[in-house]
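Now for the letters of each chain:
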Amino acid sequence: MQFDKQERCEACDFLMKEWKISSDCTLLLCPRCFHIKRDIKLCGASARKHAWGGSEFFDKIRTILTMRRLNKLLPKNKELNVLEIGFGSGKMLTKFLKKGHKVYGIDNKCLEIRIEESLKKHGILYFDKAERIQLPEENFDLIYAIHLIEHLEAPAEVFKKCYDALRKGGLLYLMTPNSASKGLTVFRDRWWNLEDPTHIRFFSFQSVGIMLEKAGFERIETGIPIWDSLTLEISSLLRLSKRNSDEHGVLSNKYIKLVYALILPFNIIIRIFFPKISPSLEIIARRSV
Ligand SMILES: [Zn+2]
């Protein structure tokens, strides 16, 4: 099977090229902006049967670290309108709610997990794809999406919606896998980000920058956070030893946490000295005043 030879990059419109990373996986790579598209039929990569293959414990750590990061970026002592796209169980939104902010959430319920009760009661929640939601204009101080945009059908549409829905000076905060992570070149089709069958694209800092600029954003900063998805290289290593597809992914084994605990300190040291192996891209964009 071949990709459409005329497939153009959704960010910069350049002709994309096939990139065969293993016998089981061919990706489409934009040679100009390093954006990657993934078709599950051409890059199976022993993916799970469903989207969520994380661990509640690791998710809690991520929530704490991401909240700490967001709190640094937001104004203090001010009631804010906050929107999370892809809120899942709503742990982060609930934290914003407890701080006295007005919270909104979008989720298409593909993860089928229980939602926090206080959020159901006091939050304004939409259950549909982000592309289909009509958001109030110039309403939000913060819109954030953590590991979501790599799943979207039409990211350009969602970025435009975010821009229109932000107040002037409002903040868009995104976290997503980095297409230029050295982890992908090291682990190839075992890279843990390929275990999720609904990861259909990976952004580079160039491609996400181009798409956000097209949506209207002017001040866009990107970075490689070494603190996000701290166990990803360990999961990728475990996938190296497991060639066959596992329905629930490597983290589903209950004894595996011990392995993670033992290797994690070494992984953090590797990231400190070799940050380019880190798997994620952090994006901070503001609507101009
Ligand atoms: Zn491109």
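Above this text sits the structure in question.
What you are looking at is a predicted structure, and each value in this text was computed from that prediction instead of being measured.

**Q** Hey, could you go over the environment of I64 for me, with residue numbers and the actual values?
**A** Along the chain, the position of I64 falls in helix 1 (residues 56-73). Put simply, I64 and M92 are 28 residues apart on the chain and 8.5 Å apart in space, counted from C-alpha to C-alpha.

**Q** Outline the sheet that holds strand 9 (residues 201-202), listing residues and values.
**A** Spatially, 1-2-3-9 is the arrangement adopted by the four strands of the open sheet, whose pairing is antiparallel. Of all strands in the sheet, those with a lone pairing partner are strand 1 (17-22) and strand 9, marking the two edges. In this structure, strand 1 lies alongside strand 2 (residues 25-29), joined through five bridges in antiparallel fashion. Looking at strand 2, one finds that K20 is bridged to T26.

**Q** Describe the pairing of strand 2, with residues and values.
**A** Of all five residues in strand 2, five are buried; the element is thus mostly enclosed. Burial of the side chains of strand 2 extends over both faces: C25, L27 and L29 are buried on one face and T26 and L28 on the other. Between strand 1 and strand 2, which pair antiparallel in sequence order, lie two residues. Inspection of the sheet shows strand 2 paired to strand 3 (residues 36-37) by two bridges, in the antiparallel sense. When the sheet's bridge partners are listed, L28 is paired in strand 3 with K37. Taking the residues that link successive antiparallel strands as the turn, the strand 2-strand 3 hairpin has six residues, and the phi of F34 there is positive, at about 65 degrees.

**Q** An account of the packing of helix 1 against helix 2 (residues 91-98) is requested, with residue identities and associated values reported.
**A** Contact geometry for helix 1 and helix 2: axes closest at 10 Å, N-to-C directions at 45 degrees. Here helix 1 lies oblique to helix 2, going by the angle between them. Between helix 1 and helix 2 the crossing geometry is right-handed. On the side of helix 1, the interface is formed by T63, T66 and M67, while helix 2 contributes K91, M92 and K95. Across the contact of helix 1 with helix 2, the residue classes tally to two nonpolar, two polar and two charged.

**Q** Just give me the short version of the pairing of strand 7 (residues 140-146), but keep the residues and values in it.
**A** Within strand 7, six of the seven residues are buried, which leaves the element mostly enclosed by the surrounding structure. Of the pairings in the sheet, the one linking strand 4 (residues 81-85) to strand 7 comprises three bridges and is parallel in character. Opposite L83, over in strand 7, you have I143 as the bridge partner. Here strand 7 pairs with strand 8 (residues 166-177) via six bridges, running parallel.

**Q** How would you summarise the nonpolar core if you had to cite specific residues and measurements?
**A** Ranked by internal contacts, the top residues of the largest apolar core, which has 64 residues, are I143 and L172. Residues contacting L172, with those up to four places away along its chain left out, are I143, C162, L166, F217 and A285.

**Q** Tell me about the sheet that holds strand 10 (residues 219-223), residues and numbers included.
**A** Backbone-to-backbone hydrogen bonds join strands into a sheet, with any given pair of strands oriented parallel or antiparallel. The seven strands lie next to each other as 6-5-4-7-8-11-10, forming an open sheet whose pairing is mixed. Across the chains shown, the open sheet's two edge strands, defined by having one partner strand only, are strand 6 (124-126) and strand 10. Direction aside, neighbouring strands of the sheet carry axes that sit 15 degrees apart on average. As paired elements, strand 10 and strand 11 (residues 280-286) share five bridges and run antiparallel to each other. Bridged to G223 within strand 11 is E282. The sheet strands contacting helix 1 are strand 7, strand 8 and strand 11, and the helix crosses strand 8 at an angle near 155 degrees. Sheet strands touched by helix 2: strand 4 and strand 5 (102-106). Its angle to strand 5, the strand with the most contacts, is close to 165 degrees.

**Q** An account of the environment of E282 is needed here, citing residue identities and associated values.
**A** Among the secondary structure elements, E282 is positioned in strand 11. Residue E282 is classed as buried on the basis of its C-beta count, with 21 C-beta atoms lying within 10 Å. A sequence separation of 66 residues divides E282 from G216, and the C-alpha atoms of the two residues are 19 Å apart. In contact with E282, not counting residues within four places along its chain, are M175, T222, G223 and P225.

**Q** Explain helix 8 (residues 256-273) to me, using residue names and the numbers behind them.
**A** Between its terminal C-alpha atoms helix 8 stretches 26 Å, which fits the 26 Å expected from 18 residues at 1.5 Å a residue. Along helix 8, the largest kink reaches about 40 degrees and is centred on I263; proline P265 follows within four residues of it. Of all the 18 residues making up helix 8, one are buried; the element is thus mostly uncovered.

Conventions we followed
- Residues numbered from 1 in each chain as written.
- Predicted model: local features only at pLDDT ≥ 70, side-chain atom pairs only at ≥ 80, totals over all residues.
- Helix = DSSP H or I, 4+ residues; strand = E, 2+ residues; numbered from the N terminus.
- Pairing = 2+ DSSP bridges.
- Buried ≥ 20, exposed ≤ 12 C-beta atoms within 10 Å, placed from the backbone.
- Axes fitted to C-alpha atoms, helices over the stretch in contact; angles between N-to-C directions.
- Parallel < 35°, antiparallel > 145°, perpendicular 65-115°, else oblique.
- Left-handed = near helix turned anticlockwise from the far one by under 90°.
- Contact = placed C-beta atoms within 7 Å.
- Nonpolar A, V, L, I, M, F, W, Y, C, P; charged D, E, K, R; others polar.
- Core = buried A, V, L, I, M, F, W, Y, C linked by C-beta atoms within 7 Å.
- Expected span 1.5 Å × (residues − 1).
- Bend = angle between axes of the 7 residues up to and from the residue.

By themselves, these observations are geometric and do not establish any function.
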